[in-house]
Amino acid sequence: MLLRLTAALMFVSAGGMTGIHFSYKLKLKREVCREIEYLLRCCEIYIRCNAMNVYEISGHLRRDPELTHLEFLSRLPEEFSEGINFHEEWRRALASQEMPEEERQILAEFGDILGTSDISGQLSAIGSLTERIRQLEAQRREICLKKSRMYRSIGVLFGVMVGILVI
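Residues numbered from 1 in each chain as written. Predicted model: local features only at pLDDT ≥ 70, side-chain atom pairs only at ≥ 80, totals over all residues. Heavy atoms only, no water.

Q: Just give me the short version of the packing of aromatic side chains, but keep the residues and values in it.
A: All chains considered together, the criterion is met by 5 aromatic pairs. Their ring planes at 80 degrees and their centres at 5.2 Å tell us that F72 and W90 sit as a pair that is edge-to-face. Of the two residues, F72 sits in the loop between α2 (54–63) and α3 (86–95) while W90 sits in helix α3, which places them 18 residues apart along the sequence. Its relative accessible area of 0% is what places F72 among the buried residues. Here the aromatic rings of F86 and W90 are separated by 6.2 Å at their centres, their planes lie at 45 degrees, and the arrangement is tilted. Of this pair, F86 and W90 both sit in helix α3, separated by 4 residues, roughly a single helical turn. (Phe/Tyr/Trp six-rings, centres within 6.5 Å; stacked < 30°, edge-to-face > 60°. Helix = DSSP H or I, 4+ residues; strand = E, 2+ residues; numbered from the N terminus. Buried < 20%, exposed > 50% of the residue type's maximum accessible area, 1.4 Å probe, protein only.)

If you want it as structure tokens, here you go:
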């Protein structure tokens, strides 16, 4: 009987942990949106105030501690090299990171416009992308509020259900 109770408690714990895991994944998507918005704001400042080129921007982004979930940035080149196309490197680095398709699309578009037009053209495109990521972050926040608690509850309830079946 003690073994069955122990097994039941383990199933409840496992269910709860599974629910917490799925809840965390929702929060992570929201955090990625926040970091992308931060990245866009930083790049806007780098371009507007300092007129930085893509390699200087890349170097700053690689070292920024606020961009921990955007691991692809560490794969970007910091210096110009003959025969290496920055935009191709951006796409290749972006493809190496797992993230939702909407965020990937926004970052891909940003990588395509970065350094390809004059300052005002880049700032205009960044403004448009910033608005899109803000809308996406609002959607992610709403989904997180609705589903996060549900995932945790369902996980625990599923664990309780299996625990009762074990007893």
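Q: Please provide a residue-by-residue account of the nonpolar core, values included.
A: Counting 34 residues, the largest nonpolar core has L39, L70, L73, W90, L107 and F110 as the members making the most contacts within it. For this core, the secondary-structure elements that each account for two or more residues are α1 (2–50), α2, α3, α4 (101–113) and α5 (119–166). Of the residues forming this core, the biggest block, 9 residues, is contributed by α1. (Core = buried A, V, L, I, M, F, W, Y, C linked by side-chain atoms within 4.5 Å.)

Q: Report on the layout of surface pockets, specifying residues and quantitative values.
A: In this model, the largest pocket occupies a volume close to 300 Å³. Taken together, K25, L28, K29, V32, H69, E71, Q97, E98, M99 and P100 make up the full set of residues lining the largest pocket. Looking at the lining of the largest pocket residue by residue, the class counts come to 4 nonpolar, 2 polar and 4 charged. (1 Å grid on protein atoms, 1.4 Å probe; cavity = no way out; pocket = protein on both sides within 12 Å on 5 of 7 lines; lining within 4 Å. Points joined across faces, edges and corners; volume = space filled by probe spheres on them. Nonpolar A, V, L, I, M, F, W, Y, C, P; charged D, E, K, R; others polar.)

Q: If you had to explain the packing of α1 against α4 to someone new, which residues and values would you point to?
A: The relative placement of two packed helices is expressed as an angle between their axes plus a distance between the axes. Interaxial distance between α1 and α4 falls to 11 Å at its minimum, and their mutual angle equals 15 degrees. With respect to each other, α1 and α4 are oriented roughly parallel. Considering the relative orientation of α1 and α4, their crossing is left-handed. On α4, the residues touching K29, V32, C33, I36, L39, L40 and C43 of α1 are E103, I106, L107 and F110. Residues that form the contact of α1 with α4 fall into these classes: 9 nonpolar, no polar and 2 charged. (Axes fitted to C-alpha atoms, helices over the stretch in contact; angles between N-to-C directions. Parallel < 35°, antiparallel > 145°, perpendicular 65-115°, else oblique. Left-handed = near helix turned anticlockwise from the far one by under 90°. Contact = heavy atoms within 4.5 Å.)

Q: How would you sum up unusual backbone geometry? Please name residues and give values.
A: For A51, which is not glycine, the phi torsion reads 50 degrees and is therefore positive. Along the chain, the position of A51 falls in the loop between α1 and α2.

Q: Describe the state of the cysteines, naming the residues involved and giving the relevant values.
A: Following the criterion strictly, the structure yields 0 disulfides and no others. We note that C49 lacks a disulfide partner, and the nearest cysteine sulfur, in C42, lies 11 Å from it. Given the relative accessible area of 56%, C49 is considered exposed. (Disulfide = S-S within 2.5 Å.)

Q: Give a description of the side chain of Q122 that names residues and reports values.
A: Its place among the elements puts Q122 in helix α5. Within the structure, Q122 has its side chain in polar contact with the backbone nitrogen of G115 (distance 2.9 Å). The contact partners of Q122, leaving out residues within four places of it in the chain, are I47, I113, L114, G115 and S117. (Polar contact = N/O pair within 3.5 Å; in protein donor to acceptor, adjacent residues only side chain to side chain.)

Q: Explain a nonpolar patch on the surface residue by residue, including any values.
A: A contiguous nonpolar surface patch, about 310 Å² in accessible area, is contributed by M1, L5 and I167. Relative to the helices and strands, M1 is located in the segment before α1. For M1, a relative accessible area of 65% gives the class exposed. (Patch = residues over 30% accessible without salt bridge, like charges linked within 9 Å, V, L, I, M, F, W, Y side chains within 5 Å. Areas by Shrake-Rupley, 256 points an atom, 1.4 Å probe, with all protein chains shown as cover. Salt bridge = Lys/Arg side-chain N within 4 Å of Asp/Glu carboxyl O.)

Structural measurements only, silent on function.
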